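Architecture and fold: a report
Single-letter residue listing:
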Amino acid sequence: MAPNNALLADADECARVGAPVVEILSADKVFPNGMRALAAIDLTVTSGEFLTLIGPSGCGKSTLLKLIANLIEPTEGRILWWSGGFDRVGTRGRSIAFVFQDPTLMPWSRVETNVRLPLDLARMPVAQSRRRVAEALSRVGLEGCARFYPRQLSGGMKMRVSIARSLVIEPNLLLMDEPFGALDEFTRNRLDADLVRLWWERKLTTVFVTHSIYEAVFLSTRVVVMGARPGRICKVMSIDEPHPRNEGFRNSPRFAEHCRALSALLTEVSVEHMRS
Amino acid sequence: MRPLAQSETAMTVAAPLAVGLIMVVIWEIACRTLNIPIFLFPKPSDIAAKLVSDWPALLAALGMTLRVALQAFFAAIVIGTLIAFLFVQSRAIEMSFFPYAVLLQVTPIVAIAPLIIILVKNTQVALTVCATVVALFPIISNTTLGLRSVDPGLVNLFRMSRAGRMQTLWRLRIPSALPYFFGGLRISSGLALIGAVVAEFVAGTGGRSAGLAYEILQSGFQLDIPRMFAALFLITLAGVGLFTIMVGLSKLALGAWHESEVGTEA
């Protein structure tokens, strides 16, 4: 994949951008019930990119993301993280954060404790972690909500807390599994815009799962179109548009063009599926 | 929002109190106008008079019954929680032993109380054992359910954060189980009292260490019906007291976050 122009403009990033972060080498996943979720997946996630997995329900997008997170293991094939095995991710000072479909907050803990959780589990002293929690909360625009309980927040705010919790470990790879799927469109658009800004500021390598064409086009540098039964990669499409993107891009003819192209790809995939 | 919340708390206390008061007044008037003899159905005023005149004996009996009930309750909490922790260690353990916990639950305590009283020499201990058997099951089943009811997303999050077994237990499993555990406590506290009273009925202990059930039996033999009612009233009062304490504890522990305790203002 050719890194887009805007990314190349940042001289410091040139050395880093494009290096492989995760390499999936002909991975298969068969569940114990015999269902073949993924077949012969070959995919390389490169540093600094915003990669989106899109496809119909049951195409294994979430399963692929869980493989990347090492929450499950492939039945066949191999996965490399920063050119090594998963056991070396931590020892080399790299970390992977996961944002789930639901906010998955601990209802018994205040927002600050929820955000601090990954640091607590890594036994970081509170004096040290407090600053990082405050920073993560301010980055998602929730400075004033540290002492709230999750039940006091709206769905969009809970999702922001979930994102803050993923950012607090300063991850090298961010995985997001349809994080805004349950939100209304207005809230989703706002969070998408904030996410693009966050990604751009940090050059944070991100793998994002969605089934919204608009979301995929707005956010991504590269979109992977997946097909179902078994889950497989059908097409890869680059969205070569300058960053950081904003509402202006969402209303531009270029945006509509990309959406149309992606939509056509998805239709092609589903037609292929019907024939087979 | 505040005045409404206050008036609502007032309602939850005042409304049932008013109903109780009206019932007592009707009861008193009915007994007086129908001239019902005291040994058939005493008036509330007769019961109140008896409660005052026999207060030292009744209080001692209440203390006795409460002691057995509380000992059994605490024993049930400790044993039940330990068993629940054992059950969640593996499905195999739970599957092998859970039917026996059910067996314990479905066997009527009156049927096994005589056996326990014969086997255990000390009557006090025997009564406590009986009451513990009755109070045990809700704690086991609720706590087991609670320890298993963990958000799978949070389990994944803990795994990705490389949390240890103890970290997961303290920061995830135990807090998740608390609402269920307190639900178990509410049921169990009442059952411990019922168990204590039933066991006492079966044991029929006399002498110095007699509880409220013994008072009821004795009053029945002597046709001292007001005293019987007085003892019954104290048992009810103790049960309501225990339940209220459990509700308070649960509010204290879960009030800040759990839906069951939060109310509707959020």
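Cut-offs applied
All residue numbers refer to position in the chain's written sequence, counted from 1. Think of it this way: whatever chain is written first is A, whatever ligand is written first is 1, and the rest follow in order. With the structure being a predicted model, the display of local features is reserved for residues of pLDDT at least 70 and the display and counting of side-chain atom pairs for 80 or more, all residues being used for whole-chain, interface and lining totals. Only strands joined by at least two bridges in the DSSP assignment are considered to pair. Only runs of H or I of at least four residues qualify as helices and only runs of E of at least two qualify as strands under DSSP, and these elements are numbered from the N terminus. Every axis in this analysis is a line fitted to C-alpha atoms, fitted for helices over the stretch in contact. Angles between the N-to-C directions lie between 0 and 180 degrees. Residue pairs qualify as contacts under a 7 Å threshold applied to their C-beta atoms, which are placed from the backbone. Classification convention: Asp, Glu, Lys, Arg as charged; Ala, Val, Leu, Ile, Met, Phe, Trp, Tyr, Cys, Pro as nonpolar; all other residues, Gly among them, as polar. Our exposure labels follow a C-beta count within 10 Å of each residue's own C-beta, placed from the backbone: buried means 20 or more other C-beta atoms, exposed means 12 or fewer, and partly exposed covers the counts in between. Core membership is restricted to buried Ala, Val, Leu, Ile, Met, Phe, Trp, Tyr and Cys residues, and these are joined into a nonpolar core through C-beta atoms within 7 Å. Delimitation of the domains relies on an automatic or database domain assignment.

**Regarding the sheet that holds strand E9 (residues 232-238) of chain A**
Residues and elements named next belong to chain A. The strand order across the open sheet built from 6 strands is E5-E6-E7-E3-E8-E9, with neighbouring strands paired in mixed fashion. The open sheet is flanked by strand E5 (96-99) and E9, the only strands paired with a single partner. Going across the sheet, the axis of each strand differs from the next one's by a mean of 20 degrees, ignoring polarity. Taken together, the 4 bridges between strand E3 (residues 50-54) and strand E8 (residues 222-227) define a ladder with parallel strand orientation. When the sheet's bridge partners are listed, Thr52 is paired in E8 with Val223.

**Remarks on the interface of chain B and chain A**
How big an interface is tends to be expressed through the accessible area that disappears when the partners come together. Contacts between chain B and chain A engage 17 residues on the former and 17 residues on the latter. Among the elements of the structure, helix H7 (152-160) and helix H8 (165-203) of chain B are those that each provide at least two residues to the side of chain B that touches chain A. The element that contributes the greatest number of residues to the side of chain B that touches chain A is H7(B), accounting for 7 residues. Partitioning the side of chain B that touches chain A into residue classes produces 10 nonpolar, 4 polar and 3 charged.

**Comments concerning the environment of Val111(A)**
All names here are of chain A. If you trace the backbone, Val111 turns up in helix H5 (residues 111-121). Residue Val111 is classed as buried on the basis of its C-beta count, with 26 C-beta atoms lying within 10 Å. For the pair formed by Val111 and Leu175, sequence separation is 64 residues and the distance between their alpha carbons is 21 Å. With residues near it in sequence (within four places) discarded, Val111 still touches Leu142, Cys145, Ala146, Phe148 and Val161.

**Observations regarding the nonpolar core**
Most often, soluble globular proteins have nonpolar side chains that are buried together. Counting residues in hydrophobic clusters, the biggest one holds 75 residues, and the most contacted among them are Ala164(A) and Leu175(A). Grouped together as the second largest cluster of nonpolar side chains are 61 residues, Leu136(B), Leu185(B), Leu234(B) and Leu254(B) included.

**Description of unusual backbone geometry**
Residues and elements named next belong to chain A. Residues Arg229 and Pro230 are joined by a peptide bond in cis, for which omega reads -10 degrees. Turning to its location among the elements, Pro230 is positioned in the loop between E8 and E9. Following His243, the chain continues into Pro244 via a peptide bond in cis, with omega recorded as -10 degrees. As for its placement among the helices and strands, Pro244 is situated in the loop between E9 and helix H10 (247-250). Here the phi dihedral of Ala40 falls at roughly 45 degrees; this positive angle occurs in a residue that is not glycine. Turning to its location among the elements, Ala40 is positioned in strand E2 (residues 36-46). The backbone of Arg123 sits at a positive phi, close to 60 degrees, despite the residue not being glycine.

**Concerning the domain arrangement of chain B**
Domain boundaries assigned for chain B yield domain 1 (1-35) and domain 2 (43-262). On a C-alpha basis, the centroid separation for the pair domain 1 of chain B and domain 2 of chain B is 29 Å.

**Considerations on the pairing of E2(A)**
Residue and element names in this part refer to chain A. Pairing analysis gives 7 bridges linking strand E1 (residues 20-30) to E2, with the strands arranged antiparallel. Across the sheet, the residue bridging to Pro20 is Thr46, located in E2. In sequence, E1 turns back onto E2 through a hairpin of 5 residues, with Gly34 there showing a positive phi of about 90 degrees.

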